[in-house]
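Architecture and fold: a report
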Amino acid sequence: MKPQGRLMPKITPETSHFWQGCKEGKLRLQRCDACAHTYFPPRPFCPVCAHDRVSVVVASGRARLYSYAISHIPAPGLEPPFAVAVVTLDEGPRMMTNITGCPQEPGFLALDMPLRVTFLDLSDEVALPLFTPEGAA
Amino acid sequence: MTKALLAVVGAAETTQMGTIPNLSQIGLQADAALNACRDAGITPQQVDGLALAGGNPVDLAQYLGMAPAWVDGTPVGGCSFLMHVRHAAAAIRAGYCQTVLVVHGESGRSRIGKPPPPFTPDPTSLAGQFEAPFGGIVPPTMFTVPVLRYLHTHGLTPAALAEVVVAQRRWAALNPRAKFKEQLTVDQVLADRPIAWPFTLPMCCPQTDGGGALVLVSPERARDFPGRPVFVIGTGEATETGMISQMVDFTTSRAFRASGRAAFDQAGISHSDVDHLMIYDAFAHLPLYGLEDLGFCAPGEAAGYIAAGHTSPGGRLPVNTNGGGIAYMHSGMYGMYVMQECVRQMRGIAPAQVPGARVSVAHGVGGMFGAAATLVFTNEG
Ligand SMILES: [Zn+2]
């Protein structure tokens, strides 16, 4: 996968802590100070109890493969075939990502396989959180 | 069954279907609206309510020469038109208007009067920040992502998706207007060109041009119109998420379940009352989720039900009898055609008519499991 050409996120005030964390090699989530719910994507209040005091927490970076489809359609910055994947973080939230460091074939992409986060630098502001099989180089 | 909420007194699709190079998007909307008005024996000038998605109802009202007292432009994707019917029932009951046109027209293939692809989400939106950079951009690489978890959970293989195609091609063969009538086997479907594994080409809808419209009035006014009325007796709507990655459970749609339950409860029907079912199928997994989330099949059992022929011609529950979005047509927002087929079945004029059908259910999806709407129709009132 070549990093050039992917559709670039445009950072908003509510998401800047997340993207800044990715640049620092940290996967940042938010946790409600009242009910302890940990959530993603970012927002300045709890989506479970509406409490407006929430804290930024750094995730372990460990996740499991929840589901995916292997696209044979080109996308900006991505050469088919590539898996559009959704992972479940150990902390609970899910996020869309790509799986790097293994062939983009069903035999190498087993559901529930353990993964860890890795960051792909795209610009001065943006590094994308990708995931790679645990134990892969 | 409960008292009717609405009567459908006009229903029509665009004069042509498929590739329509001589009409723009608003032209398709007008063609559908005028055909539905002719079917009801009225003109648009006699209509005081207008609903549209895929355009601004203000523009279409002016184009048709209407001065509506009520408009609805709810845009939640392909099931918007089913929601419009639900909203129209409330508006007519409240006295905001008396006669509503619900209109769809989309130049999905020729793209005349419609922005060209590629479609990219707003890069500041949550989908633009947290899905598009990973290639989750177009429906074939977003709508398809949950299905591996569904198959894995139930011990199924991609053959489950192929069974849906095989069954619906049987219905398409009976429909002169269907785009894909060729009969296929499960093995042929699985061996076709991969689009987004496990989905192959026949499991994905085409992109076509077309449209449709409905004329709706209160049940009390149904006999003032020339045709056989069809009644709406149950309605439901629900939302879940605009981001496929944030769907709560990839094996079931929360929106499908909530919308379906609301419609069945309002209609006062049970599953055994349903003679005919339409489930919006932009991709082949939707009838599986639909059959289960609406309660016709237990979780994981829809594929076996379809493979046994129960949804095919002659089966106990005919499903997607126009061939469905994957074989009939798919302009982009397919929900209108789901309702059109329900109305044809209730009028007894469908190309693949289900003999003696009295209750028909339409179930639509909007976005990628983002929203849902469900309607229950009957020809008894
Ligand atoms: Zn909370």
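Structure: see above.
Please read all numbers here as calculations on a predicted model, not as lab measurements.

It is worth spelling out the overall build of chain A at this point. Summing up its helical and strand segments, chain A has one helix and eight strands in all. Ordered by position in the sequence, the α and β elements of chain A form the string α-β-β-β-β-β-β-β-β. For a compact globule of 137 residues, the expected C-alpha radius of gyration is about 14 Å, and chain A comes in at 15 Å, within 12% of that figure. If you take every contact in chain A between residues at least 6 apart in sequence, the share linking residues at least 24 apart comes to 51%. Put simply, chain A shows about 6,300 Å² of open surface, and 51% of that area lies on carbon and sulfur atoms. With 13 positive and 13 negative side-chain charges, chain A shows a spacing of 2 Å between the two charge centroids.

All right, on to the pattern of salt bridges then. A complete count under the given rule lists 14 salt bridges over all chains for this structure. Between Glu24(A) and Arg28(A) there is a salt bridge whose closest N-O contact spans 3.2 Å. On the basis of relative accessibility, which here comes to 17%, the residue Arg28(A) falls in the buried class. Where Glu106(B) meets Lys114(B), a salt bridge forms, and the shortest distance between an N and an O atom there is 3.0 Å. Here Glu106(B) falls in the buried class, since its relative accessible area comes to 5%. One connected set of salt bridges, linked through shared partners, spans Glu13(B), Arg177(B), Glu341(B) and Arg344(B).

So, on to the sheet that holds strand S2 (residues 38-39) of chain A. All names here are of chain A. The sheet built from three strands is open, its strands ordered S2-S1-S3 with antiparallel pairing. Among the strands making up the open sheet, the edge pair consists of S2 and strand S3 (54-58). Here strand S1 (residues 28-32) pairs with S3 via five bridges, running antiparallel. The partner of arginine 31 across the bridge, within S3, is serine 55. Of the strands in this sheet, S1 and S3 are in contact with helix H1 (residues 16-23), which crosses S1 at around 140°.

Time to look at the pairing of strand S10 (residues 359-366) of chain B. Residues and elements named next belong to chain B. Counting buried positions over the eight residues of S10 gives eight, a clear majority of the element. Residue alternation in S10 divides its side chains into two sets, Val359, Val361, His363 and Val365 and Ser360, Ala362, Gly364 and Gly366, and both sets are buried. In terms of strand pairing, strand S9 (residues 276-279) meets S10 through four bridges, oriented parallel. The residue of S10 that forms the bridge with leucine 277 is valine 361.

It is worth spelling out the nonpolar core at this point. In terms of nonpolar packing, the biggest core is built from 176 residues, with Leu65(A), Phe131(A), Leu101(B), Leu291(B), Met339(B) and Phe377(B) touching the most fellow members. What Leu65(A) contacts, discounting residues up to four positions off in sequence, is Ala85(A), Val86(A), Val87(A), Ile99(A), Leu109(A), Ala110(A), Leu111(A), Asp112(A), Met113(A), Leu115(A) and Arg149(B).

Residue and element names in this part refer to chain B. Taking strand neighbours across the sheet as the criterion, the nine strands line up as S3-S2-S4-S7-S1-S8-S11-S10-S9 in an open arrangement whose pairing is mixed. Of all strands in the sheet, those with a lone pairing partner are strand S3 (70-72) and S9, marking the two edges. With strand direction ignored, the average angle separating the axes of adjacent strands in the sheet is 25°. Relative to strand S8 (residues 230-239), strand S1 (residues 6-13) runs antiparallel, the two sharing three bridges. The residue of S8 that forms the bridge with leucine 6 is valine 232.

The next subject is the coordination of the zinc ion. Residue and element names in this part refer to chain A. Taken together, the protein donors to the zinc ion comprise Cys32 (SG), Cys35 (SG), Cys46 (SG) and Cys49 (SG), at separations of 2.3 to 2.4 Å. Seen from the zinc ion, its four donor atoms lie at angles of 100 to 121°, and the figure they make is tetrahedral. Mapped onto the sequence, the residues coordinating the zinc ion show the spacing C-x2-C-x10-C-x2-C. Placement of the pair is cysteine 35 in the loop between S1 and S2 and cysteine 49 in the loop between S2 and S3, with a sequence separation of 14 residues.

To continue, consider the interface of chain B and chain A. If you look at the interface, chain B gives 36 residues, while chain A gives 39 residues. Between chain B and chain A the total buried area reaches about 3,000 Å² when both faces are included, carbon and sulfur atoms providing 68% of it. Inspection of the region where chain B meets chain A yields one salt bridge. Across the pair Arg149(B) and Asp112(A) runs a salt bridge whose closest N-O atoms are separated by 2.7 Å. Elements that contribute at least two residues to the side of chain B that touches chain A include exactly helix H4 (126-130), helix H5 (147-154) and strand S5 (194-197) of chain B. Residues belonging to the side of chain B that touches chain A are distributed by class as follows: 22 nonpolar, 11 polar and three charged. As paired strands, strand S4 (residues 62-71) of chain A and S5(B) are joined by two bridges and run antiparallel to one another. Looking at S5(B), one finds that Ser71(A) is bridged to Ala196(B).

What counts, and at which threshold
- Residues numbered from 1 in each chain as written.
- Chains lettered and ligands numbered in written order.
- Predicted model: local features only at pLDDT ≥ 70, side-chain atom pairs only at ≥ 80, totals over all residues.
- Heavy atoms only, no water.
- Helix = DSSP H or I, 4+ residues; strand = E, 2+ residues; numbered from the N terminus.
- Rg over C-alpha atoms; globule rule 2.2 N^0.38 Å.
- Contact = heavy atoms within 4.5 Å.
- Areas by Shrake-Rupley, 256 points an atom, 1.4 Å probe, with all protein chains shown as cover.
- Lys, Arg positive; Asp, Glu negative; His and termini not counted.
- Charge placed at Lys NZ, Arg CZ, Asp CG, Glu CD.
- Salt bridge = Lys/Arg side-chain N within 4 Å of Asp/Glu carboxyl O.
- Buried < 20%, exposed > 50% of the residue type's maximum accessible area, 1.4 Å probe, protein only.
- Pairing = 2+ DSSP bridges.
- Axes fitted to C-alpha atoms, helices over the stretch in contact; angles between N-to-C directions.
- Core = buried A, V, L, I, M, F, W, Y, C linked by side-chain atoms within 4.5 Å.
- Donors = N, O, S within 2.8 Å, 3.2 Å for Na, K, Ca; no water.
- Tetrahedral: all angles 85-135°; square planar, octahedral: opposite > 155°, others 65-115°.
- Buried area = accessible area lost by both parts, 1.4 Å probe.
- Nonpolar A, V, L, I, M, F, W, Y, C, P; charged D, E, K, R; others polar.

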